[in-house]
Structure formats: structure tokens, C-alpha cells
Amino acid sequence: MKIGILSAGGDCPGINATIRGVGKTAIVEYGMEVIGINNGYSGLINNDFVTLDEQSLSGILTLGGTILGTSREKPYKKSETDAVEDKPALMKKNIEALGLDCVVCIGGNGTQKTAALMAAQGINVIGIPKTIDNDVWGTDVTFGFDSALTIATEAIDRLHTTANSHKRVMVIEVMGHTAGWLSLYAGMASGGDVILIPEIEFDLEIVAATLLDRANKGKPYSIVVVAEGVKLPEETKKSPARYVAKKIQKITGLETRETILGYIQRGGSPTAFDRILATQFGGYAAKLISENKFGQMVAIQGGEITSLPIGEINGRLRLVDNMHPLVLQGRRMGVCFGDKIR
Ligand code: F6P
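Residues numbered from 1 in each chain as written. Predicted model: local features only at pLDDT ≥ 70, side-chain atom pairs only at ≥ 80, totals over all residues. Heavy atoms only, no water.

1. Some remarks on the pairing of strand 8 (residues 222-227)
Then, in step 1: Counted residue by residue, strand 8 has 6 buried out of 6 residues, so it is predominantly covered.
Then, in step 2: Side chains S222, V224 and V226 project from strand 8 onto one buried face, and the interleaved I223, V225 and A227 project onto a second face that is buried too.
Then, in step 3: Inspection of the sheet shows strand 7 (residues 194-196) paired to strand 8 by 3 bridges, in the parallel sense. Within the sheet, the bridge partner assigned to L196 lies in strand 8 and is V226.
Then, in step 4: Viewed along the sheet, the connection from strand 7 through helix 7 (residues 204-216) into strand 8 turns out right-handed. (Buried < 20%, exposed > 50% of the residue type's maximum accessible area, 1.4 Å probe, protein only. Helix = DSSP H or I, 4+ residues; strand = E, 2+ residues; numbered from the N terminus. Pairing = 2+ DSSP bridges. Right-handed = clockwise from strand over helix to strand, strands pointing away.)

2. Some details on the site of the ligand
Then, in step 1: In the region of the ligand, the neighbouring residues are R72, I132, D133, M175, G176, H177, E228, Y263 and R266.
Then, in step 2: For the ligand, an oxygen atom lies 2.8 Å from a polar atom in the side chain of R266.
Then, in step 3: Its free accessible area being 400 Å², the ligand has 75% of it covered by the protein chains.
Then, in step 4: Split into classes, the residues belonging to the shell around the ligand amount to 3 nonpolar, 2 polar and 4 charged.
Then, in step 5: Each of domain 1 (2-144 + 270-312) and domain 2 (148-266) accounts for three or more of the residues forming the shell around the ligand. (Near = heavy atom within 4 Å. Polar contact = N/O pair within 3.5 Å; in protein donor to acceptor, adjacent residues only side chain to side chain. Areas by Shrake-Rupley, 256 points an atom, 1.4 Å probe, with all protein chains shown as cover. Nonpolar A, V, L, I, M, F, W, Y, C, P; charged D, E, K, R; others polar. Domains from an automatic or database assignment.)

3. Regarding the side chain of D274
Then, in step 1: On the secondary structure map, D274 appears in helix 9 (residues 272-290).
Then, in step 2: Buried charge without a partner: D274 forms no salt bridge, and the closest opposite charge is R275, 8.5 Å away.
Then, in step 3: Residues in contact with D274, not counting those within four places in the same chain, are P13, T142, F143, G144, F145, D146 and S147. (Lys, Arg positive; Asp, Glu negative; His and termini not counted. Salt bridge = Lys/Arg side-chain N within 4 Å of Asp/Glu carboxyl O. Contact = heavy atoms within 4.5 Å.)

Take a look at the structure:
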């Protein structure tokens, strides 16, 4: 068999470990031919690819980013400025010309959506979920999340000492445009006092009251973790961290500073957990292909590596539930989520 691998959407640590996991298993265990498609779905449209062999797959396990490059190309989305008329037809033609039996699509929600549309068009695909946001429906966790969590946690740990020295409120903005997983986990892992996530509507008066209460109890400083995708109470050009920090200082009179963690969260080497998950996902994808089981997304459910029909995702996102055990545990310890529930 001959297979193609691509990575699409925002990068994250662990993509190369996945490419290696798919590629090495395909070559060593199943005797397949493997090519890498450059720059996500753009590479399928432009016929831009490289041959992957055991040598080119060596030494990439620990490497951040993706050796294949990535893009946010959405071939099924019609754009008036598109020079290419029918991208899906072009992709199919190129896949057939290359003689690919399957395309492995590594990516987050957007990537899985495109892969499902390819499957509906009669192209053999396997999806592998990756994102630091951890919001892909159908899998308990995506690789990239643990690495980003480790980085965000260390960053917040570092804010504690400077916050303490200056007796300040520190607001830190963590990635997550729709889901609050990273903020919730990093906030809880680093002892955040307030955690604001897109899934829980917050009231800044409640946040301010919590911070004043802490100050009145003699706590010299506070840490506020804000997800980048929180719904702010009014239209503003300010970042969520800046907006929240300004408001807190205004309402409480406590000296407040903000930090935006940004792309640092997506860079660098994957954690051991992510390397293992990525390697297992990759190996499982190769196995599915060898069994002619296409149109699936690889997943981990209850600790087991498995897969589900990729069409089942159907635009759904995996979001934080208000009753998630970690939210409940936070509330039980006095962490403020900005709402009235304690
Ligand atoms: O990878 C997901 C994510 O980190 C989101 O949380 C964030 O909004 C987005 O990527 C930003 O990425 P880019 O600027 O590359 O589109």
C-alpha cells in the first residue's frame, strides 16, 4: 500500500512523533510506501510532497512543530478570490495520480472536518486528533495538550514569585479560543485563585469581590487565569487579559498586571506523555489502514486507543462541563470561576 501523511491547522508539540509513529509502523510492520504531504491540505492541491523513509523519519520524535509544515487551507470552503476552481476535485485527482491508498490527516477540529468531507467524496482517510486546546470531540485527550499544559503551568508558577514580591494581582491569558481545558488544567495545576473559561459566564464584580476578600484575609497576591476565548461583557479591542486586568484594578484598587502567554504554549519538544500518545495514535492509524478500515478518526477513550467514524464528529466540540470533576474540586477549595456558584 502507499499512504500520504499531512498535518494541518495550528501546530503543536507531538506532530512529528505522530508522523514518525505512522510512518515507521507503516514501513517496518506493514511494508507500505509513505509520502509526506507538505503544508496541510495545500500540499494536496499543489501536489507538493516528499518521500518519507526510515532515515527521514529518524531523529524527529522529540522535535516540536511539524517537519511537513502546516497551513489553514480549507479546500471545501468556497472563496471568491480562489484562483483554483474546484480544489476538492484537484485533490482527488492528485491523490489518484500519486496512487495513494489513504491520506492520514493530523489536525484539530477543522482538519477532521475536512477529512470527513474527503471521506464523503470517496477518498480513503484516517484522522488523528491533535491540538493544545484538547477540544476534539470523540477522544478523551489530544496530543499537544499535555505539553502546552506543562508550559502554561510553569509560566504561572513563575508569576507567583513576582506577584508575591510586588503584592500584585497577576492576570495570565492562556490559549483556548473556544474551550477552557488549558486554562482550567493549568490554573488548577499552578494554584490559580480565579479561573475564567469560555464555558462559564463570569461577572467581574464577583471576581473583584474574591480578590478583595483574599487581600482582606492577608493573602498578599492573587493569580487570575483567563482563557483567550472568554466571553467579555462588552465589545472591546483589548485582549481578554488586558480587559480583565484593567477592570480588576479599577474595581478593587489592587495593583494588577497582565501577561499573555501566546505561541510559547505551542512550541518546543513534546512531553513524554504526548510522545507516547502520538506514537500510539500513529501506530494505530497504520494498523487501521492495513486492515482497510478507512473513514475513521483515531482516539483514546477510557485509556484505550480506539477509533470512531470520522463523520460522527459532525462539527461537535469537546467543551468543559460546568460539573466537570476538576471544576467541582476547584469550587470545593474556593477557586473562583467568576460565577455565583461556590
Ligand atoms: O492551536 C489552537 C490555537 O492554539 C487556539 O487556541 C488559538 O486561538 C489558535 O490556535 C491561534 O492560532 P493561529 O494564530 O495559528 O491561527
